[in-house]
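Chain residues, written in single-letter form:
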Amino acid sequence: MIYDITQELFSCKVYPGDPAPAYQVLGEITKGDKCNLTAFSMCAHNGTHIDAPAHFLVNGKTVDQLDPAAFLGDCYVTRHEGDVTAEDARRMLGYAEAAGAPDRLLIAGKATITLEAACVFAEAKIKLIGNESQTVGPEDAPMLVHLVLMNADIVILEGAVLSRVPAGKYFLSAAPLNLGGCEGAPCRAMLIG
């Protein structure tokens, strides 16, 4: 089974204050043009996207400097509602380890990673953490959670669509667009299980 866990870009959720994606039709065959052609503009953090360390770290890696291996590989999907505590984080990591997918964790549900949980994930040295929200940390103060995860070289996948995905082990493919020098990038994220 393949699950497309990517938001449609032009109708996606947008973090408060970020510009929404927009497109402009430049050419239409039905209007006599040789081809259909579209231009678009967006924030690097719209829809389903990754955060590179440069998002919050002055000398952090940009998207093009990240190891592609972080975005491809075994992944564990778990469910949670509300704040993810340190105890919740340890339990989630235990499930992922038991399933043979300890390096990548996706949290389905309306979950917010707390600073304490971020420290547990950082100590575990996972490669990637993701969720359904447009930010992994609290929406009104996301910086500290991001800093802990990014200083531990954990890639962040935000805005995944996990509502139809049962908990369990999957193969994740969530490679971002190769946007040189950028602190984030949209991706087409898929789970295969």
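Throughout what follows, the structure given in this document is the object of discussion.

Conventions adopted
- Residues numbered from 1 in each chain as written.
- Predicted model: local features only at pLDDT ≥ 70, side-chain atom pairs only at ≥ 80, totals over all residues.
- Heavy atoms only, no water.
- Helix = DSSP H or I, 4+ residues; strand = E, 2+ residues; numbered from the N terminus.
- Rg over C-alpha atoms; globule rule 2.2 N^0.38 Å.
- Buried < 20%, exposed > 50% of the residue type's maximum accessible area, 1.4 Å probe, protein only.
- Contact = heavy atoms within 4.5 Å.
- Areas by Shrake-Rupley, 256 points an atom, 1.4 Å probe, with all protein chains shown as cover.
- Lys, Arg positive; Asp, Glu negative; His and termini not counted.
- Charge placed at Lys NZ, Arg CZ, Asp CG, Glu CD.
- Core = buried A, V, L, I, M, F, W, Y, C linked by side-chain atoms within 4.5 Å.
- Salt bridge = Lys/Arg side-chain N within 4 Å of Asp/Glu carboxyl O.
- Polar contact = N/O pair within 3.5 Å; in protein donor to acceptor, adjacent residues only side chain to side chain.

## Comments concerning the overall build of the protein
- On a plain count of helices and strands, the protein comes out with three helices and 13 strands.
- Relative to a compact globule of 193 residues, whose C-alpha radius of gyration would be 16 Å, the protein shows 17 Å and is just as compact.
- Overall size of the protein, expressed as C-alpha extent along the three principal axes, is 60 × 40 × 30 Å.
- Residues classed as buried in the protein amount to 46% of the 193 residues present.
- Long-range pairs, those at least 24 residues apart, make up 71% of the contacts in the protein with a sequence separation of at least 6.
- Of the roughly 9,600 Å² of accessible surface on the protein, a fraction of 56% belongs to carbon and sulfur atoms.
- Side-chain charges in the protein split into 14 positive and 23 negative, and the spacing between the mean points of these groups amounts to 6 Å.

## Looking at unusual backbone geometry
- Even without being a glycine, Lys125 presents a positive backbone phi close to 60°.
- In this structure Lys125 comes out as exposed when scored by relative accessible area, which is 66%.
- For Asp153, which is not glycine, the phi torsion reads 60° and is therefore positive.
- As for its position among the elements, Asp153 is in the loop between helix 3 (143–151) and strand 10 (155–158).

## A short note on the nonpolar core
- In this structure, Ile107, Ile113, Phe121, Ile129 and Leu149 are the most contacted members of the largest nonpolar core, which totals 26 residues.
- If you list the elements that add at least two residues to this core, you get helix 1 (86–98), strand 7 (104–108), strand 8 (111–113), helix 2 (115–124) and helix 3.
- Contacts of Leu149, omitting those with residues within four sequence positions, involve Ala118, Phe121, Ile129, Val136, Ile154 and Ile156.

## Let's talk about the side chain of Glu158
- Of note, Glu158 is situated in strand 10.
- Among buried Asp, Glu, Lys and Arg side chains, Glu158 stands out as unpaired, with Lys13 the closest opposite charge at 12 Å.
- Within polar-contact distance, the side chain of Glu158 engages the side chain of His49 at 2.8 Å.
- Within the structure, the side chain of Glu158 is placed 2.9 Å from the backbone nitrogen of Val136, a separation counted as a polar contact.
- Dropping the residues within four chain positions of it, Glu158 is found in contact with Gly47, Thr48, His49, Asp51, Asn131, Ser133, Gln134, Thr135, Val136 and His146.

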